[in-house]
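# Chain and residue survey
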Amino acid sequence: QVQLVESGGGLVQPGGSLRLSCVASGIMFRFYRVGWYRQAPGKQREFVASITSGSSTNYADSVKGRFTISRDNAKNTVYLQMNSLKPEDTAVYYCNVDTVPSYWGQGTQVTVSS
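First things first, this report covers the structure right here in the doc. The model shown is predicted, which means the values in this text are computed figures rather than measured ones.

This part takes up the nonpolar core. Ranked by size, the top nonpolar core spans 29 residues in total, and within it Trp 36, Leu 80, Met 82 and Tyr 93 carry the most contacts. When residues of this core are traced back to their parent elements, those giving at least two are strand S3 (18–25), strand S4 (34–39), strand S5 (46–51), strand S7 (67–72), strand S8 (77–82), strand S9 (91–97) and strand S11 (108–112).

In structure tokens, the structure reads:
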């Protein structure tokens, strides 16, 4: 059984930082592309960042230069370091593994106060 668990969300002031973690069980992250997505209230889920099995990274324009995705294969964990947070970053953040079928975590809430 595959399970993804996100953690690290919370309340932060604008300009602050958070580090999100996504820990997988039942699947080995090292073989797959893993992505972070977010969904704000009243908005569609959107792509944030991804990292491939070859460690190539991709970022949405809205977070480029502020967020960094990384992986620790020994811990079967993918991270999202979020710096210079803005109120518009407020959302539930989800991780996803690009398998067939794909898998999603339950999400972690990030709130940036204004």
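A covalent bond between the sulfur atoms of two cysteines is what we call a disulfide. Applying the stated criterion to the full structure yields one disulfide. Linked covalently through their sulfurs, Cys 22 and Cys 95 form a disulfide whose S-S length is 1.9 Å. Judged by the torsion about the S-S bond (50°), the Cys 22/Cys 95 disulfide is right-handed. Pair noted here: Cys 22 is in strand S3 and Cys 95 is in strand S9, with a separation of 73 residues, a long-range link.

Rules used in this analysis
- Residues numbered from 1 in each chain as written.
- Predicted model: local features only at pLDDT ≥ 70, side-chain atom pairs only at ≥ 80, totals over all residues.
- Heavy atoms only, no water.
- Core = buried A, V, L, I, M, F, W, Y, C linked by side-chain atoms within 4.5 Å.
- Buried < 20%, exposed > 50% of the residue type's maximum accessible area, 1.4 Å probe, protein only.
- Helix = DSSP H or I, 4+ residues; strand = E, 2+ residues; numbered from the N terminus.
- Disulfide = S-S within 2.5 Å.

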